[in-house]
Amino acid sequence: MDYLKGLNDRQKEAVLHGEGPLLILAGAGSGKTRVLTHRIAYLIEERGIFPGNILAITFTNKAANEMKERVAHLLDDNVEDIWMGTFHSVCVRILRRDIDKIGYERSFSIYDRDDQITLMKECIKELNLNKDMFNERSLLNVISSLKDKMTPPDSYINQNYGDYYYRNVGELYALYEKKLKQNNALDFDDLIIKTIELFNKSPQVLDYYQKKFKYIFVDEFQDTNKSQYELVRLLSQWYKNLCVVGDDDQSIYGWRGADITNILNFEKDFPNTKIIKLEQNYRSTKNILEVANHVIKNNYDRKDKRLWTENEKGQKVVVEGLSDSDEEAYFVVNKIGELMKEGYKPSDFAVLYRTNAQSRSFEEAFIKNNIPYKIVGGLRFYDRKEIKDIIAYLKLIQNPVDDISLKRIINVPRRGIGNATLEKLEEYAREDGESIYSVLFNIDEIPGLSARAKNSLMKFMNMINKFIAMKEVMGVRDFIEEVIYGVGYIKELEEDGSLEARTRLDNIKEFLSVAVDFEMRNPDGSLEDFLANISLLSDIDKTEDVDNSVTLLTVHSAKGLEFPVVFLVGMEEGLFPISRALESESELEEERRLCYVAITRAEKLLYITYAKLRTIYGSTNYTLPSRFIKEIPQDLVTSSVNRKGTNSGQLIRVIDYSSRERSGLETGYKSSVDNSEIKVGSKVNHKKWGLGTVVQTKDRDQDMELVIAFDKVGLKRLLLSIAPIEIVKGE
DNA sequence: GCCCTCTTGTTCGAT
DNA sequence: ACAAGAGGGC
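Bear in mind the structure is a predicted one, so any value in this text is a computation, not a measurement.

Undergrad: Help me out: how do you make sense of the overall build of chain A in this one?
TA: Counting its regular elements, chain A contains 29 helices and 24 strands. Within chain A, buried positions represent 55% of all 731 residues. Relative to all contacts within chain A whose residues are 6 or more apart in sequence, the contacts with residues 24 or more apart total 74%. Here chain A displays about 33500 Å² of accessible surface, and carbon together with sulfur accounts for 47% of that area.

Structure follows, in structure tokens:
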């Protein structure tokens, strides 16, 4: 096996590097994944390293899986023993084994953002603080960064003793931590920090992992925070074979503690670091790369470098000003239509935006024109109420002291345990320092409960007990099914019978198939593993691999990905760069890096668009084109409607992608419904929106405009000729 | 204990 | 624009 075939000299050097710390400064598209996979394969095959002695930390689980596959492909060897995953999943794996050494149960729960908010609300209430003054979200952000810097609550309180607000932030932090512990729960930050704590408190455990991981790799190193850095520093202390890969120009997670000095100071912490720079880009055309270089060079705070490529010059980057977000969406749809005629397929395209809210107009335009698409992030399957409810049941069964989960579902479906009853339980539990579940065992000692409430509580407790016993002997999927039927969730939804209830049932079925999937991949997986697995998925991981569809995603989510054709949309001052960043030079530089990441996702074609009218929060405002557009030299860009030599948004003619042009777009779909068949009252089934009833029709040239009341999404106006609908024959 | 209406914040990005 | 949560009435 030749691991060096097709690699350039720098890449070869990285692959063949022997022992000791290695810092690879890898520009966008410079083939770093290739280097990583080849190096891992080389270590295993040529240097006789056991796969189990390698740890590779990636940014998403998807990246980990892909890397694993690629290594397996190079080796024809079993690579299952390589530890590959995100910081969080690796830490869970370590903690599940030994967290009891720092005073937690191994059945600990992982709290996501929603759980954290619920918990913080309790804290605010318990300290009798004004909830208008103390906002959960911002508190959690402050606390998260304190935890990342490993500042404990008491020292923070001492530092801020004179300040009412910050002292109380410290008190809330202390209480929040206490409650997490009581619930035997860890938040995302804890997964890292508690692993470090475990290593510090138990030298044997640290020693085991230090000697196990002879080679450690960290990808996207520019986006690691302080505690993650500390973690890999500890792990690599023995062998010092730490290889990190990163690019300071692509650091885009400063707001969640990513610390660029981790890269810049790496050499100081690891003496004798070998540094290799990968500056040849294999991804993009010369034009696209030039555009990227011109934008990023406006950043002051960066290591000087300049990516180059041997790729063809390619077409100029198109910059397009549209009148509003709908026109912007239709511009993209039309371009996709044109390019598909030239042979591009839907999966070649990505639409990148700054904020998730921008996805909507694109989604609508894609549906109307029957272009298959998938959205990364946004409306999330796992955020649906019914899914969260079921997960809460499972979390409670796995970890009965998890009060947050218990409170979520103790009365779902309704079983006559209301707030008043719950408060009495909580009160009693708090006095005893016990969990709610555990005080149910002493139900007769709890004051003020009615006989009816007691009865319901007993039933609830017995049910949970039964599940706790069953979980030991059942497979994950069967067990989940048992739970959702057993708790009466399905029954309630079936009796409801509304379309909403049916959708919820569908989602639950979908959840079961997630469990089936999990079981296939992890035949020995426990409920704990399953729950940890789903709570640590990134948006990218959660996005279904729908074949051949356009990808819609934020620039943040697009990190590490590449597409032949990229539409970078919403390039307006105040949106990208986002308004909050305008006042701070460092935040503005992060926005610029984000823009650089966006541009460098493109392989062949790049379209940059902005809308002159933008609606945010329901109010519409005039906008100015993003300063990043102005940083691109004129000779690298073009516009399909722009008159030559204009660079200000004012002079760009607005083209009217009015209904005629929109409906004339050929994307392959022809409505199967005839004019004569459809009338007010007709029941129809829409490809995306499901069942609906026609409530209005209006003739339009040779077409017909329909207003349809959809059961799921409400009123929609669409054109018969292009709407993907079919008539549902009467019952 | 449950349901309805009104208010509020949400959307910068995410494990 | 819209959903979620609070608060009041039954």
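Undergrad: What am I meant to see in the packing of aromatic side chains here?
TA: Aromatic rings considered in pairs are described by the distance between their centres and by the relative angle of their planes. Evaluation of the coordinates by the stated rule reveals 22 aromatic pairs. Plain terms: the ring middles of Phe221 and Tyr229 are 5.9 Å apart, the flat faces sit at 50° to each other, and that makes the pair tilted. Note on Tyr229: relative accessible area 8%, which makes it buried. Ring plane angle 65° and centroid distance 6.3 Å describe the contact between Phe331 and Tyr607, whose orientation is recorded as edge-to-face. Note that Phe331 is positioned in helix H15 (residues 325-341) and Tyr607 in strand S16 (residues 602-611), a separation of 276 residues in sequence. Overall, the relative accessible area of 6% leaves Tyr607 in the buried class. In this structure an aromatic cluster arises from ring pairing among Trp83, Phe199, Tyr208, Tyr209 and Phe213. Sitting over the face of the ring of Tyr104, Lys181 holds its NZ or CZ atom 5.0 Å from the ring centroid.

Undergrad: When you look at the packing of helix H2 (residues 32-46) against helix H3 (residues 61-75) in this model, what are you seeing that I'm missing?
TA: The description of two helices packed together rests on the angle between their axes and the distance between the axes. One can describe the packing of H2 onto H3 by two numbers: an axis separation of 9 Å at closest approach and a directional angle of 50°. Relative to H3, the element H2 lies oblique. In terms of crossing hand, the pair formed by H2 and H3 is right-handed. Along the contact surface, H2 presents Thr33, Arg34, Leu36, Thr37, His38, Ile40, Ala41, Ile44 and Glu45, while H3 presents Met67, Arg70, Val71, Leu74 and Leu75. Partitioned by chemical class, the residues of the contact of H2 with H3 number eight nonpolar, three polar and three charged.

Undergrad: What should I look at first to understand the confidence of the model for chain A in this one?
TA: In low-pLDDT segments, the atomic positions of the prediction should not be examined closely. Confidence along chain A averages 85 in pLDDT terms, with 88% of residues attaining 70 or more. Long-range and interchain partners of residues 642-672, a stretch whose pLDDT sits below 50, account for 54 contacts in this model, where long-range means more than four residues apart.

Undergrad: Looking at this structure, how should I read empty space enclosed by the protein?
TA: One way to see where empty space is left: roll a probe the size of a water molecule over the atoms. In total, this model carries four cavities of 30 Å³ or more according to the counting rule given. A volume near 50 Å³ is recorded for the largest cavity. Of all the secondary structure elements, the ones that give two or more residues to the lining of the largest cavity are strand S1 (22-26) and strand S8 (274-278). Lining the second largest cavity are Arg96, Phe108, Ser109, Ile110, Lys395, Gln398, Glu528, Leu531, Ala532 and Ser535. When contributions to the lining of the second largest cavity are tallied by element, the ones reaching two or more residues are strand S4 (109-111), helix H17 (385-398) and helix H25 (527-535). Its residues assigned to classes, the lining of the second largest cavity comprises four nonpolar, three polar and three charged.

Undergrad: Got a minute to help me understand H17 in this structure?
TA: Note: α-helices contain 3.6 residues per turn, so residues at a spacing of three or four share the same orientation. Between the first and last C-alpha of H17 there are 20 Å, a value that for 14 residues agrees with the 20 Å anticipated at 1.5 Å per step. Judged by how many residues are buried, H17 sits mostly within the fold: 13 of 14 residues are covered.

Undergrad: What exactly am I supposed to notice about the protein's contact with DNA strand B here?
TA: Around DNA strand B sit 26 residues in total, of which Trp255, Arg354, Asn356, Gly418 and Arg580 are the nearest. Here His88 contributes a side-chain N or O atom positioned 3.1 Å from a base oxygen of DNA strand B. The contact in question runs from a phosphate oxygen of DNA strand B to an N or O atom on the side chain of Arg137, over 3.2 Å. Residue contributions to the surface near DNA strand B peak at three residues, all from helix H19 (residues 419-432). Broken down by class, the residue content of the surface near DNA strand B amounts to eight nonpolar, 12 polar and six charged.

Undergrad: Is there a simple way to think about the sheet that holds strand S13 (residues 373-375) in this case?
TA: In a beta sheet, neighbouring strands are held together by backbone hydrogen bonds and run either parallel or antiparallel to one another. Spatial ordering of the open sheet is given by S13-S14-S12-S15-S16-S11-S19, a layout of seven strands whose pairing is parallel. On the outer flanks of this sheet lie S13 and strand S19 (637-638), each paired with one strand and no other.

Undergrad: Can you walk me through the sheet that holds strand S6 (residues 215-218) in this structure?
TA: In space, the six strands of this open sheet follow the order S3-S2-S6-S7-S1-S8, with parallel pairing throughout. With one partner strand each, in any of the chains shown, strand S3 (83-85) and S8 form the two edges of the open sheet. Pairwise comparison of adjacent strand axes, ignoring direction, gives a mean angle of 10° for this sheet. In terms of strand pairing, S6 meets strand S7 (residues 242-246) through three bridges, oriented parallel. Within S7, the position partnered with Ile216 by the bridge is Leu242.

Undergrad: Please clarify how the nonpolar core should be interpreted in this entry.
TA: Nonpolar side chains in soluble globular proteins generally cluster together in the buried interior. If you look at the biggest cluster of nonpolar residues, it comprises 55 residues, and the most contacted ones within it are Tyr382, Leu394, Leu425, Phe460, Ile480, Phe511 and Phe530. In this view, Leu394 contacts Phe479, Ile480, Val483, Phe511, Leu527 and Leu531; residues no more than four positions away in its chain are not counted. Within the second largest apolar cluster, 41 residues are counted, among which are Val92, Ile192, Ile216 and Val232.

Undergrad: Even after reading the chapter, I still don't get helix H16 (residues 359-368), so can you show me in this structure?
TA: All of the buried residues in H16 are Ser359, Ser361, Phe362, Ala365, Phe366 and Ile367. Positioned one or two residues after H16, Asn370 has a phi angle of 55°, which is positive.

Undergrad: Would you mind showing me how to read a negative patch on the surface here?
TA: Residues Glu423, Glu427, Glu431, Asp432, Glu434 and Glu445 make up a contiguous surface patch of negative charge. On the secondary structure map, Glu434 appears in the loop between H19 and helix H20 (436-439).

Undergrad: Quick question: what am I supposed to make of the side chain of Ser456 here?
TA: Considering the arrangement of structural elements, one finds Ser456 in helix H21 (residues 451-471). Taking the relative accessible area as the measure of exposure, Ser456 reaches 15% and is therefore buried. Polar side-chain contacts of Ser456 include one of 3.3 Å to the backbone oxygen of Arg415. Discounting chain neighbours no more than four positions away, the residues touching Ser456 are Arg415, Gly416 and Ile417.

Undergrad: Is there a simple way to think about the environment of Ile263 in this case?
TA: Relative to the elements of secondary structure, Ile263 occurs in helix H12 (residues 261-264). Taking relative accessible area as the criterion, Ile263 reaches 0% and is therefore assigned buried. Sequence separation between Ile263 and Thr224 is 39 residues, and the spatial gap between their C-alpha atoms is 9.2 Å. When residues no more than four places from it in sequence are discounted, the contact partners of Ile263 are Leu23, Leu25, Phe221, Gln222, Gly246, Asp247 and Asp248.

Undergrad: Even after reading the chapter, I still don't get the packing of helix H9 (residues 188-201) against helix H11 (residues 226-235), so can you show me in this structure?
TA: Relative orientation of the contacting elements H9 and H11 amounts to 35°, with a least axis distance of 9 Å. The element H9 and its partner H11 pack so that their crossing is left-handed. The segment H9 lies against H11, with Ile192, Ile193, Thr195, Ile196, Phe199 and Asn200 engaging Ser227, Gln228, Glu230, Leu231, Leu234 and Leu235. Class assignment of the residues belonging to the contact of H9 with H11 gives a composition of seven nonpolar, four polar and one charged.

Basis of the calculations
- Residues numbered from 1 in each chain as written.
- Chains lettered and ligands numbered in written order.
- Predicted model: local features only at pLDDT ≥ 70, side-chain atom pairs only at ≥ 80, totals over all residues.
- Heavy atoms only, no water.
- Helix = DSSP H or I, 4+ residues; strand = E, 2+ residues; numbered from the N terminus.
- Buried < 20%, exposed > 50% of the residue type's maximum accessible area, 1.4 Å probe, protein only.
- Contact = heavy atoms within 4.5 Å.
- Areas by Shrake-Rupley, 256 points an atom, 1.4 Å probe, with all protein chains shown as cover.
- Phe/Tyr/Trp six-rings, centres within 6.5 Å; stacked < 30°, edge-to-face > 60°.
- Lys NZ or Arg CZ within 6 Å of the ring centre and 35° of its normal.
- Axes fitted to C-alpha atoms, helices over the stretch in contact; angles between N-to-C directions.
- Parallel < 35°, antiparallel > 145°, perpendicular 65-115°, else oblique.
- Left-handed = near helix turned anticlockwise from the far one by under 90°.
- Nonpolar A, V, L, I, M, F, W, Y, C, P; charged D, E, K, R; others polar.
- pLDDT = per-residue confidence, 0-100.
- 1 Å grid on protein atoms, 1.4 Å probe; cavity = no way out; pocket = protein on both sides within 12 Å on 5 of 7 lines; lining within 4 Å.
- Points joined across faces, edges and corners; volume = space filled by probe spheres on them.
- Expected span 1.5 Å × (residues − 1).
- Near = heavy atom within 4 Å.
- Polar contact = N/O pair within 3.5 Å; in protein donor to acceptor, adjacent residues only side chain to side chain.
- Pairing = 2+ DSSP bridges.
- Core = buried A, V, L, I, M, F, W, Y, C linked by side-chain atoms within 4.5 Å.
- Patch = residues over 30% accessible without salt bridge, like charges linked within 9 Å, V, L, I, M, F, W, Y side chains within 5 Å.
- Salt bridge = Lys/Arg side-chain N within 4 Å of Asp/Glu carboxyl O.
- Lys, Arg positive; Asp, Glu negative; His and termini not counted.
- Charge placed at Lys NZ, Arg CZ, Asp CG, Glu CD.

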